[in-house]
Structures are given as C-alpha cells and as structure tokens.
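Report on the structure
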Amino acid sequence: MSQLTKKSTPVMITFIIGFFTILVYFIALPSSVTEASSTLNGWATTIVALAIGFGTIVLLRTHTMRVMQRRKGEWVYSIVIIIGILIFPLLYLTIGPNSYLYKTFYSTVNATIGASIYGLVLFTLVGGMYRTFRAKRLNGLLLMISACLVMLQIAPIGDAIWSGFPILGSWLMDYPTVGVYRGIMIASAFGALAICFRTLLGYEGGHVSGGGE
Amino acid sequence: MAIIVEGRIIGFIILVATFATFYYLIDQVKKGRQIRLRRLPAIDGIDEIVGRAVELGRPVFFTNGGTGSLSGVLAPQLLAGVRFGTYLAKKCAELDAKLIAVDCHPDVLPLLVGNFDDAYKFHGKQVPPETILYIPQGYSYTLGCGSLITRERAAGTVMVGPFQHEAVFVAEAGLEAGALQVAGTARSSQIAYFAALVDFPLIGEDIYAGAAYLSEIPEQLGTIYGEDPFKLASIIISLLAFISYNLNIPWLLNLLTI
Amino acid sequence: MNLLEKIQNIPTPIISVVLILTLTVPMFYPLGLPIKISPIVKAAYDTIEQLPEGSVVLMDYGLTPASVGETGCGARAMVYHMLSKGLKIMFIGGGVDSPQFVEKDVPPIAEILNKKYGTDWVHLGYYAGGETGRAAILSDFNNAYPKDHRGNLLQNLELMKNINNYESIDLVAVVTTGSDVLPMWVRQANTPYGIDIVGSVDGASFSIAVPYFPTQISGLLNALRGGAEYEALMKRPGEAIAGMDSISLQFLVVILLLLITNVAMFLDRKGES
C-alpha cells in the first residue's frame, strides 16, 4: 500500500463519517438518514470494545515476556498480574457473572483493593494541602480560605459552629466557582472545535501516522 | 419546511463561522503570515527542569495522563500531552538528561515511541532502553508513577494530558521528591489539584495552546489564533445577556435559543 | 529544629494516624449533627417526586470500587425513591464495574418494595463507547442492547416492549465520578431531546456539573453530603448520614492543621525578622 493511500484513506474516512455526523445533528434530514447515523454510532461502540481487548492483549504480552525473561524483581509480580487478568474472564465464561463465586471474588478482591487504594487519596491530599496551603502570597491565602469555607459548608459541623459558614461556602460554590468553570468550559469548547476541525480535515495526523509530523 | 433543526440554528452559525475562520487563518499562516502565540511559562519550566536534571544527575519524569484513548473525547488532550513529551524528549536528548516516560494507553504508545525516536534522532542519538514504560490504566498506573517518581527521585516532572484522580497522587509524589513540576490537563475536575500542587500549571486550554506553540505547525497555530475572536465574542454576548436579563429585555436570550 | 519549625513539618504518618482516629471514633460515638437540605439536592428530589407513576427512567449506574463510598449512598437512595414511586428504571453502565454494582444494590431494594425484574426494572448492562455509546443507546435501544445483562431478549421483557428510543425516556439519572460523564449526558440527552437529568457525583466533579444547574441538570447530589441530604429527605437514615460525622471531624482536623501551620509560619517569620 502506498504511503499516500496509507494516510489519505483513513483521513477520508474520518472526514466523511465526521461530516455526516455533524450534518445529521444540525440539518433536518429524512429518518432513513438519521437511522444510518444511529447505526454508525453502534459500529463505533463495537470498535471501542475491540480497543479495550487490544489493551488487554498488549498487557498480557508485556508481562508474559517479563516472566519468560525472568526479569529480576519483576517476574513474580508479572505472574500475579497475568493470573489477575485471566481469572475474571475464566470465571465469567465458565460460571457466569451472576454466580455467587464471581460476585464474591469481585467484592472481596477487586472492589476491596480498589476502594482501599482510592482511600489513600485522603492521606495524599491532606499531606499535599498541608505543604502547599501556606499563606506566603495572597493567592495562597485565598486558596486556603476558600478551601476551609467549602469544607465547613459540606461538613455539618460547620453549621454547628456558626450558621454563616454554610452560607459563605454555598456562595463560593454557586457564584465564583460556577463563573470560573463556565469560562473554562466555553474556552475548552472552542478548543474542542479547533481539534474537531483539524481532525476532520486531516491536519491532526496523530491518530493516523505512526509518529512524528 | 425548516432546513436546520429548530433550536440549533445559532449553534450551526457558530460552527460554520468558526470553521471558516480557522480555514482562513490556516491559509494565511501557510502563505507566510506571522502569528505570535504567547510563550507559556510552563514551556520555560520544561527547559528549567531539564537543566536542573542535568545538574543534579537525576531523571526527568513524563506522563500523559491516566485516562482516555485516541478514539474518545479525550484524544486531543492525549495528543497535546504527546507534543509536550516530544519537546521534553528533544531537550533531554540535547542535554543528555535521563528521561523516564510512562504511558498507559496502548493506542498512544506507538505514537509516543515514534515521536521520541524522531526527537532523539534529531540530535543524532538513540532513545535509551527503558525510557518509555507501559503501565496499564488504573491504580497500577497511579501507584507506578508515584513510586517511580519517589524511587528515582525525579528532578522534575512533566505531566500533560487527561488526568483523573491520579493527578493528586502523582503531583504529591513529585512534591515529596522535591521535583520541579509542570502539569496540565483540560479535565476541569483535576485542574485545581495541579494549580495547587505544581510549580507551572497549565489550565484547560493552555495545553492546546502550548502544544500548538511547540509544534509550530500552521494548522495548529491558525486554529489556536482563530479561537480568540470567538472567545471575545462570548465575553461580549455574556455581558449583553447579563444586562438584558437584568433589564428584563429577553430579546438576546430568545435569539440565542432559536 | 525549634517548635515552630516542627509544627510546619509534621511528618505525614502522624497526620495519617490522626485522620484514621477521626474516621473511626465517630463510628462508635456518633455526634448526630443535623443536616440542612441544600436547594440543589431538593431540586433532584422534587424532579423525581413530580414524575407520575409509570414514568421511565434511564439510570447510568456508573459506580466503581473507588467511587462507591462517595456516590453509592446517594445512588441507592435515588433508586429507592424511584422504585417506591412506581417509576420504571432501566439500568445501564458506562464502566466495566457497573453491572456488578447494579446486581449488588438493586435486587435487595426491589425485594423490599416488591418490584419485579422485567416489569418494574431491567438491567441492560455495560456498554462501551463513551459518548458515542450513549448516543447509540438513546437513538435505538434494541440496536444497542439486543439482550439485557441477564441474557433475556429485550422483546421478552414487559418494560422494554414499548421502549425504542429517547422518546420513551422521562428522566436520565446519572451516578458517576467521571467529570465528563454528566456533560456527555447533557450533550446527548438534554440538549437535543430536552430530557431532564439528575445526578449523583463525587466532590471533584460537582464543581464541573454545577454550572449546568438548573437549566440542563435538574438536580445534583454532591458526593456523601448529597447522599446524606437525600437520605434525610427520604426519612431513611443510612450510611451517608452515619458517615457525615466522620467527615465533620476530619474536615475540622484539616482546617485546624492548616491554621496551626500558618500561624507557626507567621510567628517563625516574625521571629526571624
């Protein structure tokens, strides 16, 4: 396949599908055309599901190679990862996701580990806040005050200490925060439009070429 | 019979106007028009990080986010992260700084490998082995990044891309290691963490503007520059809408919803 | 290192131990502080309360092991509310963990309220594709889900007999910790089709979702606090209300820590100058 075909074919497909999807959204078209758009959405969902499988294959390959190479200090953990990757699909295919064993395994291993690691966020965040929320400059002081007000608004103890804390915290969330995030969203939306434009016309080649520009 | 779906006319007009502006400006840049984008402090931060790494003999850490894929809505952020990573790789190749890059996206990995390869070849060098590491998405990625930064005592970290909750972990690990940090994401919920914890934050749109600045590609420069008039128009429309709402003159608000 | 410097550099393990104590002590000695209902949670409650019996709700039950502590309580409270009002719920999930949480949380609630699977609620299962997937679901259910999570053909389920696409949906309820998920539903459900949306999100995503209230999102629960308020509105105190005491103490400790550190920093600077 020539280099031209390799690059221009995916770009052309991207343009046709993308342009068609935009057209269907804005232009009042017959129902047969909108149904075609729904079908395309279904195809996209299937492709994404395949991509998830691809990620699993890459992972299995990487860790199998580590085990085969007996990489010092790593190959034992790679075996654990391989077992972890394979055990759930095996259980799913043999006894099904609604079986007692599958559910128990999930809730006692996967869910517990996930929740525990996420719980570490508290300690990491507090450690980080403790080090950075120092009122050395005005913006540091404002950051600290805002954080404290929002915390006192969320925690019932804030209202118990002083009824003004929830009011101030709510004001902070409802006005400055909302205003700032609306501004960020509008700017991000135009950024997304720019990227959409570049992708449709093939200027954003990252997903097409193997590397470089 | 209406051609455009009711309630989407203004959206259609904005879309057409934006695309026309982008096309015009890209064309202008290709014809030689000079467009100056502001050099972001974070880019100077990257230069500082690499210099610091060489002085201290410690590595630089790079990652482009723990979520998303090239097929999803977060793809632009991933690509922006790759551009920052490529710039960092070029700098590291130039000054012989050790670079550790972690990626958790199977579809982005070949892109990163290719770009790093080109970056090192630009300085007549090869990408050292074990520069780019693949750690799968999820907690393994979060903890892997954190432990790499702490264990290797990174002199600096560059983290640009779509981050989820791993943002706070990884930024805090950098803080603990005493690293100089450049970080940015357009995922609004994580911006606050980066703004609080890193030395050179990139907020939202900054990552796209920075990527355009670094790439110097006419298409990117043209579109970034083309966004500005529409942002200005958004500010003016917001002010007018505020005034019209408070004076109880709903014409503008009604106009925006046709 | 003098005392002021020590205060400014308290080791992380000590902070962690204090936080663990504030987390566990209220479990044995609850404070029982009252919880005020915020307008945004009340709006979510009212949106569901005002739906007539038989209305159809599409619920994106995007819980994960990480998020179940924050948003799970609010999610379960909303499910209880909807089923007790006689609303029909279709559960879908945007994450690979979602089906497990639906199968864990919903059957016990349905059993308490005597609600039948297939007639009052169905579990359609996980779908890939992010925003594209959601658009696909809304445009044609039968195309997106030939079978439900339990392997039943949709045409054999009583609830799904007259449901083809977005026209049959009265409300979208979203439980998520991803800051992009609610905006996705706003773009795919509310903006094109005008479908109401209520959500239960984590704290970090709440500030992203709040700008959409009240025009695009009808109501929102803010993590555990939102769940506690919803439980109070439902008059069914549960884990969320129980957890608020720990939240109160932890936040108080963090604020005191910040205050002490900053006072120490100022005094230290003053001493140096």
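On a predicted model such as this, the values are computed, not experimentally measured, just so you know.

Quick look at the overall build of chain B now. Each helix and strand counted, chain B has 10 helices and 6 strands in total. Dimensions of chain B along its principal axes, counting C-alpha atoms only, are 65 × 40 × 30 Å. Across the 258 residues that make up chain B, the buried fraction comes to 53%. In chain B, of all internal contacts separated by at least 6 residues, the share reaching a separation of at least 24 is 69%.

Residues and elements named next belong to chain C. Among the nonpolar cores identified, the biggest contains 93 residues, and F91, V172 and L220 are the most heavily contacted of them. Top element by residues in this core is helix α4 (residues 68-84). It accounts for 9 residues. Those residues in contact with F91 that sit more than four places away from it in its chain are M59, Y61, V102, V106, W121, H123 and L124.

For the rest of this paragraph, the subject is the pairing of strand β6 (residues 219-222) of chain C. Residues and elements named next belong to chain C. Along β6, one buried face is formed by G219 and L221 and the opposite face, lined by L220 and N222, is buried too. Bridging between strand β5 (residues 196-201) and β6 involves 4 bridges; their strand directions are parallel. Residue pairing in the sheet places V198 in a bridge with G219 of β6.

Another aspect to go through is the domain arrangement of chain B. If you check the domain split of chain B, you get domain 1 (9-34 + 219-256) and domain 2 (41-215). Distance from the C-alpha centre of domain 1 of chain B to the C-alpha centre of domain 2 of chain B: 32 Å.

Taken together, the contact between chain C and chain B spans 7 residues of the former and 5 residues of the latter. Among the elements of the structure, α6 (130-139) and α9 (203-209) of chain C are those that each provide at least two residues to the side of chain C that touches chain B. Looking at which element gives the most residues to the side of chain C that touches chain B, the answer is α9 of chain C, with 3 residues. Residues belonging to the side of chain C that touches chain B are distributed by class as follows: 2 nonpolar, 3 polar and 2 charged.

With that settled, consider the interface of chain C and chain A. Chain C puts 46 residues into the contact, and the matching count from chain A is 43 residues. Listed by contribution, the elements that provide at least two residues to the side of chain C that touches chain A are α2 (12-28), α4, α5 (98-112), α6, α7 (141-144), α9 and α11 (239-272) of chain C. Sorting elements by how many residues they give to the side of chain C that touches chain A places α11 of chain C first, with 12 residues. Class assignment for the residues of the side of chain C that touches chain A results in 26 nonpolar, 15 polar and 5 charged.

This part is about unusual backbone geometry. All names here are of chain C. With omega at 5°, the peptide bond leading from F213 into P214 counts as cis. Within the secondary structure, P214 sits in the loop between α9 and β6. Even without being glycine, A223 reaches a positive phi, approximately 50°. Structurally, the position occupied by A223 is in helix α10 (residues 223-234). For A223, a count of 24 C-beta atoms within 10 Å gives the class buried. The backbone of K235 sits at a positive phi, close to 60°, despite the residue not being glycine.

Residues and elements named next belong to chain B. Inspection of the secondary structure puts G65 in the loop between β1 (60-63) and α3 (75-95). C-beta crowding within 10 Å serves as the criterion here: with 30 such atoms nearby, G65 is assigned to the buried category. Considering only alpha carbons, one finds G65 and S234, 169 residues apart in sequence, at a separation of 30 Å. Apart from residues no more than four positions distant in its own chain, G65 is found in contact with Q77, L78, G81, G161, P162, F163 and T185.

In this section: the packing of α6 of chain C against helix α8 (residues 181-193) of chain C. Residues and elements named next belong to chain C. In contact at an axis separation of 10 Å, α6 and α8 are set at 30° when each is read in the N-to-C sense. It follows from the interaxial angle that α6 and α8 lie roughly parallel. You can see that α6 and α8 cross each other, and the crossing is right-handed. Where α6 approaches α8, its residues E131, R134, A135 and L138 are matched on the opposing element by M184, W185, Q188 and A189. Tallied by class, residues from the contact of α6 with α8 come to 5 nonpolar, 1 polar and 2 charged.

Rules used throughout
Residues numbered from 1 in each chain as written. Chains lettered and ligands numbered in written order. Predicted model: local features only at pLDDT ≥ 70, side-chain atom pairs only at ≥ 80, totals over all residues. Helix = DSSP H or I, 4+ residues; strand = E, 2+ residues; numbered from the N terminus. Buried ≥ 20, exposed ≤ 12 C-beta atoms within 10 Å, placed from the backbone. Contact = placed C-beta atoms within 7 Å. Core = buried A, V, L, I, M, F, W, Y, C linked by C-beta atoms within 7 Å. Pairing = 2+ DSSP bridges. Domains from an automatic or database assignment. Nonpolar A, V, L, I, M, F, W, Y, C, P; charged D, E, K, R; others polar. Axes fitted to C-alpha atoms, helices over the stretch in contact; angles between N-to-C directions. Parallel < 35°, antiparallel > 145°, perpendicular 65-115°, else oblique. Left-handed = near helix turned anticlockwise from the far one by under 90°.

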